[in-house]
Amino acid sequence: MVKEIVISRPDDWHLHLRDGDLLPITVNETAKSFARAIIMPNLVPPVTKLTHVKNYKQRIIKALKPNMSFEPLMTLYMTEETNPKEIEEGFTKGLISAVKLYPAGATTNSGSGVRNFEKIQPNLEMMAKVGCPLCIHGEVTDNSIDIFDREKVFIDTILEKIRTKNPTLKVILEHITTEDAVEYVSSANENLAATITTHHLAINRNDLLAGGIKPHFYCLPVVKRESHRLALVKAATSGSPKFFLGTDSAPHLDDDKESACGCAGCFTATNTLEILAHIFEEQKSLNKLELFISINGANFYGKKVNMEKIKLIKNDTPTLFPKKLATPRGKLTIFKPNFETYWEVKSE
Ligand code: NCD
Ligand code: ZN
């Protein structure tokens, strides 16, 4: 039985750090495990200008503890008013690593996102020209579409059009949740990849809803039925270069989660690697873990794989994590699936 693996230090290709007094917690929780992360721009107000990007990056770096190393890879929030020149400048100067597209109203702080996809075509053309990847929250927002179908309808009615019009644009379909998305991404050309989150690999909609609603399992896109989770696990453990980790770790304080209208998001930064090692081992695919968390994403983004290594050790007893972290504004619950993990991370 494998008790220990050594792999390149991983990256997180989809992360919410928030801002202000939460940053010293969120940044350092991620930096314990990850070398780099794609930082989501859905702040209030959103990160829609390069000046915002620069200032936010500085605040993130300032929040990092002195002995930690972590590189935030910044993104620009696309609105219908975004100017292609801003994208060109940001990407060619290395200020941004991607542009984020939220359909307006799809998720937390997406109100300034896109309603009319025709309006962003000049931006997409510029991105294809300079090689800037597009990160997409792939759900339609039409209230007549059932929430469990919103990803598939987005793929069929919007994503396919965007990709047909912009065949050389690099697209990341983020936090995929369905077998339909796995199939669509698998059969597309090399310009389309997908991130998969920790929680979508670990829980299904029964975990969320059966026996009482579990607000800490509520995220967007919402978790789907077990057959979809199994398709995601198969994709993640396949080693295919099209699938890589984007935790979508999205902290919301307990008061905001445990509420009559609870916020969407699971905070997985603290124990993602331990959970993933457990899932990959169960699938007898520990040898594919490094591809999923440390290699495929870097390759898709055209970045070097990290030189530094980490070691994962398997213990005989379950790994212990705090249930909650204390923040200046209240408690923050750490995501805990309905199974124990036995893996522990050590820096090499
Ligand atoms: C994210 C958040 O809270 O910012 N929430 C979530 O459920 N994933 C936004 C997002 O990525 O959809
Ligand atoms: Zn997210």
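Look up: the structure comes first, before these words.
Attention in this report is confined to the structure presented alongside it.

How each quantity is defined
Sequence positions are assigned chain by chain, starting from 1 and proceeding in written order. Working convention: letters from A go to chains and numbers from 1 go to ligands, in the order in which they are written. Residue-level local features of this predicted model are given only where pLDDT is at least 70; pairs of side-chain atoms are given and counted only at 80 or more, and the full residue set underlies all totals for whole chains, interfaces and linings. Working from all heavy atoms in the structure, the side-chain values ignore hydrogens and water. Working definition: residue near molecule or strand if any one of its non-hydrogen atoms lies within 4 Å of it. In the analysis that follows, any N or O atom pair within 3.5 Å is treated as a polar contact, provided that within protein one partner can donate a hydrogen and the other can accept it, and provided that, for residues neighboring in sequence, both atoms belong to side chains. The Shrake-Rupley method, run with a 1.4 Å probe sphere, supplies the accessible areas, and residue values consider only the shown protein chains as cover. Basically, the charged four are Asp, Glu, Lys and Arg, the nonpolar ten are Ala, Val, Leu, Ile, Met, Phe, Trp, Tyr, Cys and Pro, and anything else, Gly included, counts as polar. Classification of residues uses two cut-offs on accessible area relative to the type maximum, computed with a 1.4 Å probe and protein chains only: under 20% is buried, over 50% is exposed, and between them is partly exposed. Secondary structure follows DSSP: runs of H or I at least 4 residues long count as helices, runs of E at least 2 residues long count as strands, and numbering of each begins at the N terminus. Think of it like this: strands point away, you trace from the first strand over the helix to the second, and a clockwise trace means the crossover is right-handed. If DSSP finds at least two bridges between two strands, the strands pair. Axes here mean lines fitted to C-alpha atoms, for a helix over just the part in contact, with angles spanning 0 to 180 degrees between N-to-C directions. Two residues qualify as a contact provided that any one of their heavy atoms is within 4.5 Å of a heavy atom in the partner residue. Counted as donors are N, O and S atoms no farther than 2.8 Å from the metal, or 3.2 Å for Na, K and Ca; water is not among the atoms, and sites may therefore look incomplete. Metal sites are grouped by the angles between bound donors: all angles between 85 and 135 degrees with four donors is tetrahedral, opposite donors over 155 degrees apart with the others between 65 and 115 is square planar for four donors and octahedral for six, and any other pattern is irregular. Each angle gets one of four labels, with under 35 degrees taken as roughly parallel, over 145 as roughly antiparallel, 65 to 115 as roughly perpendicular, and the rest as oblique. With the far helix as reference, a near helix turned anticlockwise by less than a right angle produces a left-handed crossing, and one turned clockwise produces a right-handed crossing. Each salt bridge in this description consists of a side-chain nitrogen of Lys or Arg and a carboxyl oxygen of Asp or Glu lying within 4 Å of one another.

1. A word on the site of ligand 1
So, point 1. The environment of ligand 1 is formed by 15 residues, the closest being Arg18, Thr107, Leu220, Asp248 and His252.
So, point 2. Measuring from a nitrogen atom of ligand 1, one finds a side-chain N or O atom of aspartate 248 at 2.7 Å.
So, point 3. Residue glycine 265 places a main-chain N or O atom 3.2 Å away from an oxygen atom belonging to ligand 1.
So, point 4. Contact with the protein chains hides 100% of the accessible area of ligand 1, taken as 310 Å² for the molecule alone.
So, point 5. Residues that form the shell around ligand 1 fall into these classes: 4 nonpolar, 9 polar and 2 charged.

2. Looking at the pairing of strand E5 (residues 98–101)
So, point 1. Residues of E5 alternate between two faces, with Ala98 and Lys100 on one and Val99 and Leu101 on the opposite face, all of them buried.
So, point 2. With helix H3 (residues 84–92) bridging strand E4 (residues 71–77) and its parallel neighbour E5, the resulting β-α-β unit is right-handed.
So, point 3. As judged from the 3 bridges shared by E5 and strand E6 (residues 134–136), these two strands associate in the parallel manner. Residue pairing in the sheet places lysine 100 in a bridge with cysteine 135 of E6.

3. Digging into the sheet that holds strand E2 (residues 11–15)
So, point 1. An order of E2-E3-E4-E5-E6-E7-E8-E9 is seen for the 8 strands of this open sheet, with the pairing classed as parallel. Each of the sheet's edge strands pairs with one partner strand only, and the pair in question is E2 and strand E9 (243–245). Looking at each pair of strands side by side, their axes are set apart by 30° on average, direction ignored.
So, point 2. Looking at chain direction, strand E8 (residues 192–196) and E9 are connected through 3 bridges and run parallel. Note that in E9 the partner of alanine 194 across the bridge is phenylalanine 243.
So, point 3. Set on the sheet, helix H5 (residues 150–165) makes contact with E5, E6, strand E7 (171–173) and E8; between it and E7 the angle comes to about 170°.

4. Here's the deal with the pairing of E4
So, point 1. Along E4, 6 of the 7 residues are buried, which leaves the element largely enclosed by surrounding structure.
So, point 2. Handedness of the strand E3 (residues 36–39)-helix H2 (residues 50–63)-E4 crossover: right-handed.
So, point 3. Of the strand pairs in this sheet, E4 and E5 are connected by 3 bridges, and their pairing is parallel. The residue of E5 that forms the bridge with leucine 76 is valine 99.

5. A closer look at the coordination of the zinc ion (ligand 2)
So, point 1. Coordination of the zinc ion (ligand 2) by the protein involves His14 (NE2), His16 (NE2) and Asp248 (OD), with metal-donor separations of 2.0 Å.
So, point 2. One can describe the donor arrangement at the zinc ion (ligand 2) as tetrahedral, given that its 4 donor atoms subtend angles of 93 to 134° at the metal.

6. Observations concerning helix H4 (residues 121–130)
So, point 1. Three or more residues of H4 are buried, namely Gln121, Asn123, Leu124, Met126 and Met127.
So, point 2. Against H3, E5, E6 and H5 lie the buried residues of H4.
So, point 3. Just downstream of H4, glycine 131 is the residue with a positive phi angle, here 85°.

7. Some words on the sheet that holds strand E10 (residues 309–314)
Across a sheet, paired strands are connected by hydrogen bonds in the backbone, their directions being either parallel or antiparallel.
So, point 1. Read from one edge to the other, the open sheet built from 3 strands follows the order E1-E10-E13, with strand pairing classed as antiparallel. Where the open sheet ends on each side, the last strands, each with one partner, are strand E1 (4–8) and strand E13 (343–347). Between one strand and the next, the sheet's axes are offset by a mean angle of 25°, whatever the strand orientation.
So, point 2. Summarising the sheet, E10 and E13 pair through 5 bridges and their orientation is antiparallel. If you follow lysine 311 over to E13, its bridge partner there is lysine 346.
So, point 3. Of the strands in this sheet, E10 and E13 are in contact with helix H11 (residues 272–282), which crosses E13 at around 125°.
So, point 4. Where helix H12 (residues 289–301) meets the sheet, it contacts E1 and E10, and its direction lies at approximately 25° from that of E1.

8. What about the packing of helix H1 (residues 23–33) against H2?
So, point 1. Packing of H1 against H2 brings their axes to within 8 Å, and their N-to-C directions diverge by 75°. As the angle between them shows, H1 and H2 are arranged roughly perpendicular. From H1, Leu23, Pro24, Val27 and Asn28 reach across to H2, where they touch Tyr56, Arg59, Ile60 and Ala63.
So, point 2. Looking at the contact of H1 with H2 residue by residue, the class counts come to 6 nonpolar, 1 polar and 1 charged.

9. So, the packing of H3 against H4
So, point 1. Where H3 contacts H4, the axes come no closer than 9 Å and their chain directions differ by 25°. Relative to H4, H3 is oriented roughly parallel. The hand of the H3/H4 crossing is right-handed. Side by side, H3 and H4 meet where Pro84, Ile87, Glu88, Phe91 and Thr92 of the first sit next to Pro122, Asn123, Met126, Met127, Lys129 and Val130 of the second.
So, point 2. For the contact of H3 with H4, the residue count by class is 7 nonpolar, 2 polar and 2 charged.

10. Looking at the pattern of salt bridges
So, point 1. One pass over the structure, following the stated rule, counts 19 salt bridges.
So, point 2. Its salt-bridge partner being lysine 32, residue glutamate 29 comes within 2.8 Å of it at the nearest N-O pair. In this pair, glutamate 29 and lysine 32 both sit in helix H1, 3 residues apart, roughly one turn of the helix.
So, point 3. Residue class for lysine 32 comes out partly exposed when judged on its relative accessible area of 47%.
So, point 4. Between glutamate 89 and lysine 93 there is a salt bridge; the shortest N-O distance is 2.9 Å.
So, point 5. The exposure class assigned to lysine 93 is exposed, which follows from its relative accessible area of 58%.

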